[in-house]
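# Coordinate analysis (summary)
Listed below are the residues making up each chain.
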Amino acid sequence: MELVIILALDVLNGAASLVLLCLGLAIIFGMMKIINLAHGEFVMLGAYATVISANAGVNIWIAMLIVAPVFVGLVGIIVERCLIRFLYGRLVDTMLATWGLSLFIVGLVTTIYGNTIKGVPTPLGGFSIGEYKSSYYTLFLVAVALIMLALIFGMLRYTRFGLVSRATMQNPGMAAALGVNPSRIYMTTFGIGAAITGLAGGVLAPVSGVVPTMGAAYVAKAFITVVGGGSAILAGTASASGLFGLINQMGSYLTTPVFGEVILFISAIILIRLLPQGISGRFFKGRL
């Protein structure tokens with residue numbers, strides 16, 4: 001029984017981390033069809049914003065939940081206005097531009113702060129199940145992931161902005177003819193995606209190593225999860241995160257964490273080969 005509970009907690013933690021990492025990318029890639037190769041660096045900026053503000057005396061919860069998403073959201077708006085808006089519909093150019101942006105951000109942060117930075121402690125205590133010890137913070141990550149899924153679902157389904165943004169992404173010409181400013185919708189949507197990514201970096205900062213190159217460890221996993229999930233932003237991301245979180249944690253438990261990552265990537269390749277449209281393309285058609 002203890003083993004089952006331990007595995008369930010590990011799977012939930014892994015799935016929640018993937019959901020948080022992928023939600024911002026799912027909005028930017030799934031809705032805007034922008035392949036943002038600087039996604040990992042947005043995560044890193046959120047982590048740095050949390051650590052720097054917390055070490056400067058800001059409450060850790062404010063640093064994670066407010067400072068990180070606001071800062072990265074503003075960075076996202078600046079990036080969209082100065083770079084991305086000139087590249088819509090140019091897939092290869094967007095990939096090259098965001099790859100260059102990722103190198104620039106890593107170089108800039110390394111120049112300012114060096115290769116290491118003081119971290120922040122996990123803000124919640126721990127608990128034990130037999131010989132297994134864990135932190136309540138893992139349960140907090142699960143709660144944040146569920147809340148973010150619910151908030152984004154509510155925004156996209158029940159608010160005017162959600163309706164207008166989805167319509168604009170599908171047919172910007174028609175949206176413009178109806179009085180919508182597509183440029184403003186693109187900017188706002190990209191900023192929201194960046195802010196959610198910054199929130200992911202902020203809440204993951206206490207449990208991950210905060211260094212300028214930390215984004216490289218997340219970007220590939222985030223992309224395969226979003227692609228594996230398919231076109232449905234929420235249903236696809238949630239289902240793919242749950243599946244890959246289970247595979248990763250089970251693989252790590254039965255072998256080693258390194259082989260767990262290898263098993264995850266092999267599973268993603270097989271899934272995409274069997275379901276080219278992703279999980280949502282096969283099982284959740286028409287869902288958000």
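What you are looking at is a predicted structure, and each value in this text was computed from that prediction instead of being measured. (Residues numbered from 1 in each chain as written. Predicted model: local features only at pLDDT ≥ 70, side-chain atom pairs only at ≥ 80, totals over all residues. Heavy atoms only, no water.)

### Here we look at the overall build of the chain
Scanning the chain from terminus to terminus reveals twelve helices and two strands. Its helices and strands taken in sequence order, the chain reads α-α-α-α-β-β-α-α-α-α-α-α-α-α from the N to the C terminus. Here the chain has a C-alpha radius of gyration of 19 Å; the compact-globule value for 288 residues is 19 Å, and the two agree. The burial tally for the chain puts 51% of its 288 residues in the buried class. Sequence-distant contacts in the chain: of pairs separated by 6 or more residues, those separated by 24 or more amount to 76%. For the chain, the accessible surface area stands at approximately 13,700 Å², while carbon and sulfur atoms represent 70% of it. Of the side chains in the chain, 15 bear a positive and 7 a negative charge, and the two mean positions are spaced by 17 Å. (Helix = DSSP H or I, 4+ residues; strand = E, 2+ residues; numbered from the N terminus. Rg over C-alpha atoms; globule rule 2.2 N^0.38 Å. Buried < 20%, exposed > 50% of the residue type's maximum accessible area, 1.4 Å probe, protein only. Contact = heavy atoms within 4.5 Å. Areas by Shrake-Rupley, 256 points an atom, 1.4 Å probe, with all protein chains shown as cover. Lys, Arg positive; Asp, Glu negative; His and termini not counted. Charge placed at Lys NZ, Arg CZ, Asp CG, Glu CD.)

### Overview of the confidence of the model for the chain
Overall, the predicted model of the chain reaches an average pLDDT of 86, with 96% of residues at or above 70. When mean pLDDT is compared element by element in the chain, helix α3 (residues 60–82) scores highest at 95, while strand β1 (residues 126–129) scores lowest at 70. (pLDDT = per-residue confidence, 0-100.)

### Observations concerning the packing of helix α9 (residues 216–229) against helix α10 (residues 233–254)
Across the interface, α9 lies against α10 with an axial gap of 8 Å and an inter-helix angle of 125 degrees. Judged on the interaxial angle alone, α10 and α9 are oblique. Viewed along their axes, α9 and α10 form a crossing whose handedness is right-handed. On the side of α9, the interface is formed by K221, I224, T225, G228 and G229, while α10 contributes G236, T237, A240, S241, F244 and N248. (Axes fitted to C-alpha atoms, helices over the stretch in contact; angles between N-to-C directions. Parallel < 35°, antiparallel > 145°, perpendicular 65-115°, else oblique. Left-handed = near helix turned anticlockwise from the far one by under 90°.)

### Re the packing of aromatic side chains
Tallied over the full model, the rule gives seven aromatic pairs. Measuring from ring centre to ring centre gives 5.7 Å for Y48 and Y113, while their planes differ by 45 degrees; the resulting arrangement is tilted. Taken as a pair, Y48 in helix α2 (residues 39–55) and Y113 in helix α4 (residues 91–113) lie far apart in primary sequence, 65 residues in all. Judged by relative accessible area, Y48 falls into the buried class, the value being 3%. With relative accessibility at 39%, the residue Y113 sits in the partly exposed group. An angle of 35 degrees between the planes, with centres 5.2 Å apart, marks the rings of Y137 and F140 as tilted. In this pair, Y137 and F140 are both assigned in helix α5 (residues 136–158), three residues apart and thus about one turn of the helix distant. Residue Y137 shares its accessibility class with F140, and that shared class is buried. (Phe/Tyr/Trp six-rings, centres within 6.5 Å; stacked < 30°, edge-to-face > 60°.)

### Topic: the pattern of salt bridges
Inspection of the entire model under this criterion finds three salt bridges. E80 is paired through a salt bridge with R81; the nearest N and O atoms lie 2.8 Å apart. In this structure R81 comes out as partly exposed when scored by relative accessible area, which is 25%. Among the salt bridges present, the one from D93 reaches R90, with a minimum N-O distance of 2.8 Å. (Salt bridge = Lys/Arg side-chain N within 4 Å of Asp/Glu carboxyl O.)

### Topic: α3
The α-helix advances 3.6 residues per turn, and as a result positions three or four apart in sequence lie on the same side. The end-to-end C-alpha separation of α3 is 31 Å, in line with the 33 Å expected for 23 residues at 1.5 Å each. Along its length, α3 reaches its greatest deviation from straightness, about 35 degrees, at V67, and the proline P69 lies no more than four positions downstream. For α3, the full list of buried residues reads I60, A63, M64, A68, P69, V72, G73, V75, G76, V79 and E80. Looking at the buried positions of α3, the neighbouring elements they touch are α2, α4, α5 and α8 (182–204). A distance of 2.9 Å separates the backbone nitrogen of W61 from a side-chain oxygen at the start of α3, and that oxygen is part of N59. (Expected span 1.5 Å × (residues − 1). Bend = angle between axes of the 7 residues up to and from the residue. Polar contact = N/O pair within 3.5 Å; in protein donor to acceptor, adjacent residues only side chain to side chain.)

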